[in-house]
Amino acid sequence: MGLNFFKNTVLLLVLTIFSCGSSTEKKEQREERKENQIANAKTQDDTLASFGDQEIVVGAEQFQLYSDLLKGKNVGVVANQTSFLESENQHLVDFLISKNVSVKKVFAPEHGFRGTADAGEHVKDGVDSKTGVPLISLYGSNKKPSQEQLKGIDVVIFDIQDVGARFYTYISTLHYVMEACAEAGIAVVVFDRPNPNGHYIDGPILEAENQSFVGMHPIPIVHGMTIAEYAKMINGEGWLKNSIKCELSVVTMKNYNHKMEYSLPIKPSPNLPNAQSINLYPSLCFFEGTFINAGRGTDMQFQVFGAPSLPASKYNFTYTPQSNEGAKNPKFKGELCYGKDLRNEPKLEKINLEWLIDAYNANGRKKDFFNSFFVKLAGTKKLQQQIEQGLTAEEIRATWKDGLNEFGKVREKYLLYK
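Computed from a prediction, not measured in an experiment: that's the story for all the values here.

**What about the overall build of the protein chain?**
- The helix and strand tally for the protein chain stands at 13 helices and 12 strands.
- Looking at the protein chain as a whole, 56% of its 418 residues qualify as buried.
- Taking contacts inside the protein chain between residues at least 6 apart in sequence as the whole, the part at least 24 apart equals 74%.

As C-alpha cells, then:
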C-alpha cells in the first residue's frame, strides 16, 4: 500500500502519521502544518501548551482526521468495551458502521469484545449480536491473527485502553496484530488513549529468557507510554519477528500529557474497576504469582490483598472471596482472608515492594509463597531471589536503576507527549 495510503489525510489539530518509509512532504506543507498547530514528535510540546486545560480528546473521537484512511477500504477493528466514543455515546464499531465504514471483522483481546471474560479465560470466536460483524478471538490458542483471518482486510484499526503495565496483555495483542499485518502488507492505524499510569516508569527490565504473553519486550513493568507510543517503539526497535516493519499510522490525542490525572470512563477489564485499582495494579499484580489473593472474588479487586495464613495480629482487615464477574474461582473462595485494605492509599509514583516483602515474611509459608508465574510477571528470576535473600525494597530498587536509565533513553525517541 505504501505512503499513498496516507497522502490525502488532512490533519486539523494533532494527528501525526508515522509510516515505515521516510517523509516526502514538501517544505511548504510542513510550514502549513506548523502554522495550524498540527502535532508531530517535534512540535507536540508546543501544541499541548496551547490547549491549556481543555478536555482530552482521544484518537477515536476525531473522525474527520482519519475518515480518509478508511474510505473505500475493508476494515478490521481490534476492540473491546473500552473502544468507546463518549462524544457520540457509541462503541467505535457501531459508530464506524453508522458512518458507512465497511467494518468486516472485529478482533477481540483478553476478556473478549464486551470485556466480561475472566483473566486467562479462553475467549471464543463468534458474531456480534448487535452488528452481525464476525468476532475473532485473539486470546487463548489464537493470539495472533492468521493470514486467513486477515484475508480481504485493507486496514486494521487498533483502539483499546491500556493501563501502562508490561504484564497487561493488550500490548502483547498489539504486537501480534502489528506482526500479522506487516506479514500481510496491511496497514495498522492506532487510535491513541491516555495511559493512567503514564506518570512514571519503574520495575526490573524483562530478560529475554522469561518472555511470555505477559511480558514480550525488554521493558520495565511500568513503561510510561501510551498505546500509540508503544506501537511506535515496537516498530522502531525491530521487535516484530525477523525485524519486519508494520505500516503504522497514529491518531494522537488532543490536550494530553503524561503527568495528567485521568480516570478511565470505562473499566478496562473486569478486575480493574476504578482508578485506585489501576494505580495499584503494577504493585499488587505480583501477588498473582504467589498464593496471596489480590482482591479477586470481591468488589475490591487490586485494592486489597490477603490469605487465611496471614497473621490476624498484623493483618486485621478481613474479607471472603466469592465467585463473581471476572473471577469465577478466586483464590480462597469462601475462606476468610486476613490482609490489608489499600483503598485509601495515596496515589503511587513508583512500584510498592513493601507489601510483597512483608507478606512473604509474615505468612509462615515461605517455601510455598511463590509459584512459577511469578518469574513471568517479574520478567526476571532475580526479584524472587532478592526477596528470599532478605533484601529490602530499597536495595532491590537500586538494582533496577541502570536498566531504567537505559530504557528511558529508548523511550524518549517515541514519545508523542510531554
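Back to the write-up after that little detour.
**Comments concerning helix 13 (residues 401-412)**
- Helix length check: helix 13, at 12 residues, gives a terminal C-alpha distance of 17 Å against a target of 16 Å (1.5 Å per residue), a fit within 8%.
- Looking only at helix 13, the buried set comprises Leu-404, Phe-407 and Arg-411. Down the axis of helix 13, the smallest arc covering the buried residues is 65 degrees, so these residues share one side. Set apart from the buried face of helix 13 by more than 90 degrees, the exposed residues are Asp-402, Lys-409 and Glu-412.
- The inward-facing, buried residues of helix 13 abut helix 6 (227-236).

**A closer look at the packing of aromatic side chains**
- As enumerated under the stated definition, the model contains 22 aromatic pairs in all.
- A centroid spacing of 6.5 Å and a plane angle of 90 degrees characterise the contact between Phe-291 and Phe-332, whose relative ring orientation is edge-to-face. Of this pair, Phe-291 sits in the loop between helix 7 (275-284) and strand 10 (304-307) while Phe-332 is found in the loop between strand 11 (317-319) and strand 12 (337-341), placing the two residues 41 residues apart along the sequence. For the pair shown, Phe-291 and Phe-332 are each scored as buried.

**Points about the sheet that holds strand 8 (residues 187-191)**
- Strand order across the open sheet formed by 7 strands is 5-6-4-1-7-8-9, with mixed pairing between neighbours. Among the strands making up the open sheet, the edge pair consists of strand 5 (126-127) and strand 9 (248-251).
- As paired elements, strand 5 and strand 6 (residues 134-137) share 2 bridges and run antiparallel to each other. In the strand pairing of strand 6, Val-127 is matched with Pro-134.
- In the packing of helix 3 (residues 63-70) onto the sheet, contacts are made with strand 1 (74-79), strand 7 (155-159), strand 8 and strand 9, and the angle to strand 7 comes to roughly 150 degrees.

**What to know about the side chain of Arg-166**
- Relative to the helices and strands, Arg-166 is located in the loop between strand 7 and helix 5 (170-184).
- Although buried, Arg-166 forms no salt bridge, and the nearest oppositely charged side chain, Glu-207, lies 9.2 Å from it.
- A distance of 3.0 Å separates the side chain of Arg-166 from the backbone oxygen of Leu-377, its partner in a polar contact.
- A polar atom in the side chain of Arg-166 sits 2.7 Å from the backbone oxygen of Ala-378.

**Observations regarding a negative patch on the surface**
- A surface patch of negative charge is lined by Glu-354, Asp-358, Glu-394 and Glu-395.
- Counting only elements with at least two residues in the negative patch, the list comes to helix 8 (354-362) and helix 12 (393-398).
- Positionally, Glu-394 belongs in helix 12.

**Considerations on unusual backbone geometry**
- Phi angles above zero are rare outside glycine, and Asn-89 is one such case at about 50 degrees.
- Tracing the chain through its elements places Asn-89 in the loop between strand 2 (84-85) and strand 3 (90-91).
- Exposure remark for Asn-89: the relative accessible area of 60% places this residue in the exposed category.
- Its identity as a non-glycine residue notwithstanding, Asn-255 has a phi of 70 degrees, on the positive side.
- With respect to the element layout, Asn-255 can be found in the loop between strand 9 and helix 7.
- The exposure class assigned to Asn-255 is buried, which follows from its relative accessible area of 5%.

What counts, and at which threshold
- Position labels on residues start from 1 in each chain and follow its written sequence.
- The predicted origin of the model limits local features to residues at a pLDDT of at least 70 and limits the giving and counting of side-chain atom pairs to 80 or more, whereas totals for whole chains, interfaces and linings rest on all residues.
- Side-chain numbers come from the whole structure's heavy atoms, not from hydrogens or water.
- Helix and strand labels come from DSSP, where a helix needs a run of H or I of at least four residues and a strand needs a run of E of at least two; each type is numbered from the N terminus.
- Partly exposed describes any residue whose relative accessible area lies between the buried limit of under 20% and the exposed limit of over 50%, with all areas from a 1.4 Å probe on protein chains only and scaled to the type maximum.
- By definition, residues are in contact when any of their heavy atoms lie within 4.5 Å.
- Helices are assigned an expected span. That span is 1.5 Å times one less than the residue count.
- Directions pointing from the helix axis toward each C-beta atom define the arc.
- The criterion for an aromatic pair is that two Phe, Tyr or Trp rings (for Trp, the six-membered ring) have centres within 6.5 Å, with stacked assigned to planes under 30 degrees apart, edge-to-face to planes over 60 apart and tilted to the rest.
- Only when DSSP finds a minimum of two bridges between them are two strands counted as paired.
- Where helices are involved, their axes are fitted lines through C-alpha atoms of the stretch in contact, as for all axes, and angles between N-to-C directions lie from 0 to 180°.
- A positive count includes Lys and Arg, and a negative count includes Asp and Glu. His and the chain ends are not counted in either.
- Each reported salt bridge corresponds to a side-chain nitrogen of Lys or Arg within 4 Å of a carboxyl oxygen of Asp or Glu.
- For this analysis, a polar contact is any N or O atom pair within 3.5 Å, provided that within protein one partner can donate a hydrogen and the other can accept it, and provided that sequence-adjacent residues contribute only side-chain to side-chain pairs.
- Patch criteria: residues need more than 30% relative accessible area and no salt bridge. Like-charged residues are merged within 9 Å; nonpolar side chains of Val, Leu, Ile, Met, Phe, Trp and Tyr are merged within 5 Å.
- Surface exposure here means Shrake-Rupley accessible area, sampled with a 1.4 Å probe, where a residue is shielded only by the protein chains that are shown.
- To locate a charge, the coordinates of NZ of Lys, CZ of Arg, CG of Asp or CD of Glu are taken.

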